[in-house]
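Below are the chains, spelled out letter by letter.
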Amino acid sequence: MNRDARLEKEPTVSARHALLAIVPLLLAAAPPQKKRPRPVSPGEVRKAVERALPLLVKGAEGHVAKRTCFACHNQSVALLAFDVARERGFRVPADVFPKQAKFIATFLERNRAGYRAGRGQGGQADMAGQALFALELGGWKADATTAAVAEYFLLYQKDRDHWRTGANRPPSEASDFTTTYFAIRGLQKWGGPEQKERIEKRIAKARAWLRKAPARDTEDRAFRLLALRAVGASAEELSVAVRELVRWQREDGGWGQLDKRESDAYATGTALVALHQAGGMATRDAAYQRGLAFLVRGQGADGSWLVRSRSRPFQGYYESGFPHGKNQFISMAASGWATAALALACEAPKGATAGRGRNR
(Lines give C-alpha, C1' and ligand atoms only; values in the text may rest on other atoms or scores of the structure.)
Protein backbone atom coordinates (compact mmCIF):
# COMPACT_ATOMS: atom_id res chain seq x y z
CA MET A 1 0.00 0.00 0.00
CA ASN A 2 1.47 3.37 -0.95
CA ARG A 3 1.65 6.38 1.33
CA ASP A 4 -1.34 8.13 -0.29
CA ALA A 5 -3.55 5.07 0.24
CA ARG A 6 -2.57 4.89 3.93
CA LEU A 7 -3.48 8.51 4.43
CA GLU A 8 -6.94 7.85 3.01
CA LYS A 9 -7.57 5.06 5.55
CA GLU A 10 -5.91 6.60 8.65
CA PRO A 11 -7.44 9.59 10.46
CA THR A 12 -5.38 12.71 10.60
CA VAL A 13 -3.90 13.93 13.87
CA SER A 14 -6.56 16.62 14.14
CA ALA A 15 -9.32 14.05 13.50
CA ARG A 16 -7.94 11.80 16.23
CA HIS A 17 -7.92 14.71 18.66
CA ALA A 18 -11.53 15.47 17.77
CA LEU A 19 -12.55 11.89 18.44
CA LEU A 20 -10.74 11.88 21.78
CA ALA A 21 -12.55 15.06 22.77
CA ILE A 22 -15.93 13.54 21.97
CA VAL A 23 -15.44 10.36 24.04
CA PRO A 24 -15.75 12.05 27.48
CA LEU A 25 -18.92 13.80 26.33
CA LEU A 26 -20.42 10.51 25.22
CA LEU A 27 -19.51 8.86 28.52
CA ALA A 28 -21.02 11.73 30.50
CA ALA A 29 -24.25 11.53 28.52
CA ALA A 30 -24.62 7.78 29.01
CA PRO A 31 -26.82 6.88 32.00
CA PRO A 32 -24.91 5.22 34.85
CA GLN A 33 -25.38 1.47 35.12
CA LYS A 34 -27.53 0.68 38.15
CA LYS A 35 -26.58 -2.26 40.31
CA ARG A 36 -29.28 -4.57 41.57
CA PRO A 37 -29.78 -4.31 45.33
CA ARG A 38 -27.81 -6.66 47.51
CA PRO A 39 -29.90 -9.69 48.55
CA VAL A 40 -30.90 -9.85 52.21
CA SER A 41 -30.62 -12.89 54.42
CA PRO A 42 -33.55 -14.58 56.18
CA GLY A 43 -32.06 -13.34 59.44
CA GLU A 44 -32.15 -9.72 58.26
CA VAL A 45 -35.76 -10.09 57.17
CA ARG A 46 -36.77 -11.60 60.49
CA LYS A 47 -34.95 -8.89 62.43
CA ALA A 48 -36.78 -6.20 60.44
CA VAL A 49 -40.14 -7.70 61.43
CA GLU A 50 -39.11 -7.90 65.08
CA ARG A 51 -38.12 -4.23 65.04
CA ALA A 52 -41.36 -3.12 63.40
CA LEU A 53 -43.95 -4.94 65.50
CA PRO A 54 -43.67 -3.02 68.82
CA LEU A 55 -44.16 0.31 67.07
CA LEU A 56 -47.19 -0.99 65.14
CA VAL A 57 -48.72 -2.20 68.41
CA LYS A 58 -48.09 1.23 69.93
CA GLY A 59 -49.76 2.98 66.99
CA ALA A 60 -52.81 0.70 67.03
CA GLU A 61 -53.29 1.01 70.77
CA GLY A 62 -52.64 4.74 70.62
CA HIS A 63 -55.51 5.18 68.17
CA VAL A 64 -57.93 3.32 70.44
CA ALA A 65 -56.86 5.51 73.35
CA LYS A 66 -57.31 8.79 71.46
CA ARG A 67 -60.28 8.20 69.13
CA THR A 68 -63.71 6.59 68.97
CA CYS A 69 -63.77 6.02 65.19
CA PHE A 70 -62.22 3.27 63.10
CA ALA A 71 -59.00 4.04 61.18
CA CYS A 72 -57.73 1.75 58.44
CA HIS A 73 -54.22 3.19 58.63
CA ASN A 74 -53.81 2.45 62.34
CA GLN A 75 -55.97 -0.65 62.66
CA SER A 76 -56.75 -2.89 59.67
CA VAL A 77 -53.26 -2.88 58.13
CA ALA A 78 -51.66 -3.26 61.55
CA LEU A 79 -53.89 -6.27 62.27
CA LEU A 80 -52.84 -7.81 58.96
CA ALA A 81 -49.19 -7.46 59.97
CA PHE A 82 -49.91 -8.92 63.44
CA ASP A 83 -51.83 -11.85 61.95
CA VAL A 84 -49.13 -12.80 59.44
CA ALA A 85 -46.38 -12.29 62.03
CA ARG A 86 -48.15 -14.47 64.60
CA GLU A 87 -48.43 -17.27 62.05
CA ARG A 88 -44.67 -17.06 61.51
CA GLY A 89 -43.91 -17.40 65.21
CA PHE A 90 -43.33 -13.75 66.10
CA ARG A 91 -44.43 -12.45 69.49
CA VAL A 92 -47.62 -10.39 69.24
CA PRO A 93 -49.58 -9.33 72.36
CA ALA A 94 -52.47 -11.78 72.76
CA ASP A 95 -54.96 -9.07 73.68
CA VAL A 96 -54.31 -6.86 70.64
CA PHE A 97 -56.73 -8.82 68.44
CA PRO A 98 -59.82 -8.86 70.70
CA LYS A 99 -59.19 -5.30 71.89
CA GLN A 100 -59.02 -3.89 68.36
CA ALA A 101 -61.97 -5.98 67.14
CA LYS A 102 -64.17 -4.91 70.05
CA PHE A 103 -63.39 -1.25 69.43
CA ILE A 104 -64.22 -1.54 65.71
CA ALA A 105 -67.41 -3.54 66.27
CA THR A 106 -68.62 -0.97 68.79
CA PHE A 107 -67.99 1.81 66.30
CA LEU A 108 -69.94 0.04 63.55
CA GLU A 109 -72.76 -0.91 65.91
CA ARG A 110 -73.55 2.74 66.63
CA ASN A 111 -74.75 3.10 63.04
CA ARG A 112 -76.24 -0.35 62.52
CA ALA A 113 -79.61 1.03 61.38
CA GLY A 114 -77.92 3.25 58.80
CA TYR A 115 -76.04 0.31 57.35
CA ARG A 116 -79.12 -1.83 57.10
CA ALA A 117 -80.85 1.00 55.24
CA GLY A 118 -77.94 1.33 52.81
CA ARG A 119 -76.83 4.74 54.08
CA GLY A 120 -73.59 3.76 55.77
CA GLN A 121 -71.61 6.48 57.53
CA GLY A 122 -68.58 8.69 57.01
CA GLY A 123 -66.07 7.03 54.72
CA GLN A 124 -68.83 4.95 53.14
CA ALA A 125 -67.72 1.75 51.38
CA ASP A 126 -64.00 2.49 51.83
CA MET A 127 -64.28 2.58 55.59
CA ALA A 128 -66.89 -0.17 55.93
CA GLY A 129 -64.92 -2.66 53.84
CA GLN A 130 -61.67 -2.18 55.70
CA ALA A 131 -63.51 -2.29 59.04
CA LEU A 132 -64.98 -5.71 58.17
CA PHE A 133 -61.52 -6.83 57.07
CA ALA A 134 -60.15 -5.77 60.45
CA LEU A 135 -62.91 -7.68 62.26
CA GLU A 136 -62.03 -10.78 60.23
CA LEU A 137 -58.38 -10.45 61.22
CA GLY A 138 -59.38 -9.83 64.83
CA GLY A 139 -61.32 -13.08 65.03
CA TRP A 140 -64.73 -11.42 65.53
CA LYS A 141 -67.84 -13.60 65.21
CA ALA A 142 -70.73 -12.76 62.90
CA ASP A 143 -73.51 -10.80 64.56
CA ALA A 144 -76.32 -8.36 63.78
CA THR A 145 -73.83 -5.57 63.08
CA THR A 146 -71.74 -7.49 60.55
CA ALA A 147 -74.96 -8.63 58.86
CA ALA A 148 -76.07 -4.99 58.61
CA VAL A 149 -72.79 -3.93 57.00
CA ALA A 150 -73.04 -6.83 54.53
CA GLU A 151 -76.54 -5.63 53.63
CA TYR A 152 -75.14 -2.15 53.13
CA PHE A 153 -72.75 -3.48 50.47
CA LEU A 154 -75.67 -5.01 48.61
CA LEU A 155 -77.68 -1.79 48.68
CA TYR A 156 -74.92 0.77 48.20
CA GLN A 157 -74.40 1.73 44.53
CA LYS A 158 -76.52 -1.31 43.65
CA ASP A 159 -76.93 -0.27 40.01
CA ARG A 160 -73.17 -0.21 39.40
CA ASP A 161 -70.94 -3.11 38.40
CA HIS A 162 -68.42 -2.33 41.15
CA TRP A 163 -68.04 -0.23 44.29
CA ARG A 164 -66.64 3.24 43.77
CA THR A 165 -64.42 4.94 46.27
CA GLY A 166 -66.15 7.76 48.07
CA ALA A 167 -63.00 9.54 49.14
CA ASN A 168 -59.92 11.13 47.64
CA ARG A 169 -57.22 10.19 50.14
CA PRO A 170 -54.49 8.55 48.10
CA PRO A 171 -53.22 5.97 48.06
CA SER A 172 -55.44 3.81 50.30
CA GLU A 173 -58.76 5.59 49.69
CA ALA A 174 -58.58 6.65 46.07
CA SER A 175 -58.94 3.46 44.03
CA ASP A 176 -62.14 1.74 42.96
CA PHE A 177 -60.17 -1.52 42.92
CA THR A 178 -59.37 -1.19 46.63
CA THR A 179 -62.96 -0.37 47.54
CA THR A 180 -64.27 -3.21 45.38
CA TYR A 181 -61.85 -5.76 46.83
CA PHE A 182 -62.80 -5.04 50.44
CA ALA A 183 -66.53 -4.99 49.56
CA ILE A 184 -66.25 -8.40 47.89
CA ARG A 185 -64.25 -9.83 50.77
CA GLY A 186 -66.75 -8.42 53.25
CA LEU A 187 -69.71 -10.00 51.47
CA GLN A 188 -67.95 -13.34 51.13
CA LYS A 189 -66.99 -13.45 54.80
CA TRP A 190 -69.98 -11.82 56.50
CA GLY A 191 -72.95 -12.31 54.16
CA GLY A 192 -75.72 -14.58 55.45
CA PRO A 193 -77.57 -17.47 53.71
CA GLU A 194 -80.56 -15.24 53.00
CA GLN A 195 -78.29 -12.89 51.04
CA LYS A 196 -76.52 -15.58 49.05
CA GLU A 197 -78.31 -15.09 45.72
CA ARG A 198 -77.92 -11.31 45.77
CA ILE A 199 -74.28 -11.63 46.78
CA GLU A 200 -73.55 -13.96 43.86
CA LYS A 201 -75.18 -11.57 41.40
CA ARG A 202 -73.35 -8.55 42.73
CA ILE A 203 -69.99 -10.31 42.71
CA ALA A 204 -70.60 -11.62 39.17
CA LYS A 205 -71.04 -8.01 37.99
CA ALA A 206 -67.85 -7.03 39.79
CA ARG A 207 -66.00 -9.95 38.20
CA ALA A 208 -66.94 -8.70 34.72
CA TRP A 209 -65.79 -5.19 35.62
CA LEU A 210 -62.46 -6.43 37.00
CA ARG A 211 -61.73 -8.29 33.76
CA LYS A 212 -62.00 -5.16 31.62
CA ALA A 213 -61.17 -2.19 33.87
CA PRO A 214 -57.69 -0.72 33.26
CA ALA A 215 -55.35 -0.13 36.19
CA ARG A 216 -53.49 3.16 36.34
CA ASP A 217 -51.10 2.88 39.30
CA THR A 218 -49.69 0.44 41.86
CA GLU A 219 -52.71 0.65 44.16
CA ASP A 220 -54.99 -0.25 41.25
CA ARG A 221 -52.75 -3.10 40.06
CA ALA A 222 -52.25 -4.64 43.52
CA PHE A 223 -55.90 -4.55 44.51
CA ARG A 224 -57.10 -5.60 41.08
CA LEU A 225 -54.98 -8.72 41.53
CA LEU A 226 -56.38 -9.31 45.03
CA ALA A 227 -59.94 -8.79 43.81
CA LEU A 228 -59.49 -11.10 40.82
CA ARG A 229 -58.33 -13.84 43.16
CA ALA A 230 -61.31 -13.20 45.46
CA VAL A 231 -63.84 -13.60 42.62
CA GLY A 232 -62.28 -16.82 41.34
CA ALA A 233 -60.56 -15.51 38.21
CA SER A 234 -58.82 -18.00 35.94
CA ALA A 235 -55.15 -18.86 36.26
CA GLU A 236 -54.45 -16.98 33.02
CA GLU A 237 -56.23 -13.85 34.24
CA LEU A 238 -54.25 -13.93 37.46
CA SER A 239 -51.02 -14.50 35.54
CA VAL A 240 -51.66 -11.45 33.37
CA ALA A 241 -52.37 -9.33 36.45
CA VAL A 242 -49.18 -10.59 38.11
CA ARG A 243 -47.07 -9.72 35.06
CA GLU A 244 -48.58 -6.26 34.89
CA LEU A 245 -47.73 -5.58 38.53
CA VAL A 246 -44.20 -6.99 38.30
CA ARG A 247 -43.51 -4.94 35.18
CA TRP A 248 -43.59 -1.76 37.27
CA GLN A 249 -40.99 -2.92 39.81
CA ARG A 250 -38.07 -0.48 39.87
CA GLU A 251 -34.36 -1.14 39.64
CA ASP A 252 -34.10 -0.46 43.39
CA GLY A 253 -36.46 -3.38 44.04
CA GLY A 254 -39.41 -1.25 45.12
CA TRP A 255 -42.61 0.09 43.63
CA GLY A 256 -43.85 3.67 43.54
CA GLN A 257 -47.39 4.74 44.36
CA LEU A 258 -47.49 6.49 40.99
CA ASP A 259 -45.55 5.42 37.93
CA LYS A 260 -43.42 8.58 38.03
CA ARG A 261 -43.09 8.73 41.81
CA GLU A 262 -40.18 7.30 43.79
CA SER A 263 -40.38 3.83 45.34
CA ASP A 264 -41.75 3.65 48.87
CA ALA A 265 -42.70 1.12 51.54
CA TYR A 266 -46.47 1.50 51.09
CA ALA A 267 -46.52 0.66 47.38
CA THR A 268 -43.85 -2.02 47.76
CA GLY A 269 -45.60 -3.69 50.70
CA THR A 270 -49.00 -3.82 48.99
CA ALA A 271 -47.45 -5.12 45.76
CA LEU A 272 -45.57 -7.92 47.51
CA VAL A 273 -48.55 -9.01 49.63
CA ALA A 274 -50.78 -9.09 46.54
CA LEU A 275 -48.20 -10.99 44.48
CA HIS A 276 -47.83 -13.66 47.15
CA GLN A 277 -51.37 -14.00 48.51
CA ALA A 278 -53.30 -13.49 45.27
CA GLY A 279 -50.73 -14.13 42.55
CA GLY A 280 -49.15 -17.20 44.11
CA MET A 281 -45.63 -15.78 43.82
CA ALA A 282 -43.18 -17.62 46.07
CA THR A 283 -41.34 -15.40 48.52
CA ARG A 284 -38.08 -16.86 47.19
CA ASP A 285 -38.88 -15.52 43.70
CA ALA A 286 -36.29 -13.02 42.47
CA ALA A 287 -38.83 -10.19 42.21
CA TYR A 288 -40.06 -10.78 45.76
CA GLN A 289 -36.51 -10.98 47.08
CA ARG A 290 -35.63 -7.64 45.47
CA GLY A 291 -38.68 -6.12 47.12
CA LEU A 292 -37.61 -7.50 50.50
CA ALA A 293 -34.16 -5.98 50.04
CA PHE A 294 -35.71 -2.59 49.29
CA LEU A 295 -37.84 -2.76 52.45
CA VAL A 296 -35.01 -3.89 54.73
CA ARG A 297 -32.73 -1.12 53.44
CA GLY A 298 -35.43 1.51 53.88
CA GLN A 299 -36.45 0.70 57.45
CA GLY A 300 -35.65 3.37 60.01
CA ALA A 301 -33.64 2.78 63.15
CA ASP A 302 -36.87 2.88 65.18
CA GLY A 303 -38.43 0.07 63.13
CA SER A 304 -40.74 2.23 61.01
CA TRP A 305 -40.85 3.32 57.38
CA LEU A 306 -41.35 6.99 56.54
CA VAL A 307 -43.68 7.77 53.62
CA ARG A 308 -44.74 11.31 52.78
CA SER A 309 -48.46 11.97 52.70
CA ARG A 310 -50.18 12.82 49.41
CA SER A 311 -53.59 13.40 51.00
CA ARG A 312 -55.12 16.69 51.97
CA PRO A 313 -55.91 16.50 55.71
CA PHE A 314 -59.58 16.83 56.64
CA GLN A 315 -59.73 15.59 60.23
CA GLY A 316 -58.15 16.85 63.41
CA TYR A 317 -54.52 15.88 63.90
CA TYR A 318 -53.63 13.70 66.87
CA GLU A 319 -50.61 11.74 68.08
CA SER A 320 -51.12 7.97 68.12
CA GLY A 321 -47.65 7.17 69.40
CA PHE A 322 -46.37 6.31 65.93
CA PRO A 323 -43.54 8.57 64.65
CA HIS A 324 -43.28 10.94 61.68
CA GLY A 325 -45.66 13.68 62.77
CA LYS A 326 -48.17 14.66 60.11
CA ASN A 327 -46.91 11.85 57.90
CA GLN A 328 -47.62 9.27 60.59
CA PHE A 329 -50.91 7.88 59.22
CA ILE A 330 -49.60 6.90 55.78
CA SER A 331 -46.31 5.86 57.42
CA MET A 332 -48.23 3.61 59.84
CA ALA A 333 -50.11 2.01 56.94
CA ALA A 334 -46.88 1.66 54.96
CA SER A 335 -45.14 0.06 57.92
CA GLY A 336 -48.02 -2.39 58.31
CA TRP A 337 -47.91 -3.48 54.68
CA ALA A 338 -44.09 -3.67 54.74
CA THR A 339 -44.11 -5.77 57.90
CA ALA A 340 -46.73 -8.14 56.45
CA ALA A 341 -44.70 -8.55 53.26
CA LEU A 342 -41.53 -9.27 55.21
CA ALA A 343 -43.24 -11.67 57.62
CA LEU A 344 -44.69 -13.66 54.72
CA ALA A 345 -41.11 -14.51 53.75
CA CYS A 346 -40.27 -15.88 57.21
CA GLU A 347 -40.61 -19.51 58.20
CA ALA A 348 -42.23 -20.26 61.53
CA PRO A 349 -39.72 -21.75 63.98
CA LYS A 350 -40.23 -25.39 64.83
CA GLY A 351 -42.76 -25.78 67.59
CA ALA A 352 -44.28 -22.31 67.07
CA THR A 353 -48.02 -22.05 67.39
CA ALA A 354 -49.53 -21.24 64.00
CA GLY A 355 -52.30 -18.70 63.55
CA ARG A 356 -55.55 -19.27 61.77
CA GLY A 357 -53.76 -20.06 58.50
CA ARG A 358 -55.57 -17.46 56.44
CA ASN A 359 -52.52 -15.61 55.13
CA ARG A 360 -50.16 -18.44 54.22
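Residues numbered from 1 in each chain as written. Predicted model: local features only at pLDDT ≥ 70, side-chain atom pairs only at ≥ 80, totals over all residues. Heavy atoms only, no water.

**A short note on the pattern of salt bridges**
Taken as a whole, this structure holds 16 salt bridges when the rule is applied. Note that arginine 88 is salt-bridged to glutamate 87, the shortest N-O span being 2.9 Å. Exposure class is identical for arginine 88 and glutamate 87. Each is buried. Each member of the salt-bridge network shares a partner with another, and the members are Arg221, Arg224, Glu244 and Asp259. (Salt bridge = Lys/Arg side-chain N within 4 Å of Asp/Glu carboxyl O. Buried < 20%, exposed > 50% of the residue type's maximum accessible area, 1.4 Å probe, protein only.)

**Observations regarding the nonpolar core**
If you look at the biggest cluster of nonpolar residues, it comprises 107 residues, and the most contacted ones within it are Phe82, Ile104, Leu108, Phe153, Leu225, Leu295 and Leu342. When residues of this core are assigned to their parent elements, the largest contribution, 11 residues, is made by helix α15 (residues 328-344). Those residues in contact with leucine 108, other than ones at most four positions away along the chain, are Tyr115, Gln121, Met127, Ala131, Leu132, Leu135, Thr145 and Val149. (Core = buried A, V, L, I, M, F, W, Y, C linked by side-chain atoms within 4.5 Å. Helix = DSSP H or I, 4+ residues; strand = E, 2+ residues; numbered from the N terminus. Contact = heavy atoms within 4.5 Å.)

**Focus: the packing of helix α3 (residues 42-66) against α15**
Viewed as axis vectors pointing N to C, α3 and α15 meet at an angle of 145°, and their least axial separation amounts to 9 Å. Like other packed secondary-structure pairs, α3 and α15 cross with a definite hand, here left-handed. Mapping the contact onto sequence places Val45, Ala48, Val49, Ala52, Leu53, Leu56, Gly59 and Ala60 in α3 and Met332, Ser335, Gly336, Thr339, Leu342 and Ala343 in α15. Across the contact of α3 with α15, the residue classes tally to 10 nonpolar, four polar and no charged. (Axes fitted to C-alpha atoms, helices over the stretch in contact; angles between N-to-C directions. Left-handed = near helix turned anticlockwise from the far one by under 90°. Nonpolar A, V, L, I, M, F, W, Y, C, P; charged D, E, K, R; others polar.)

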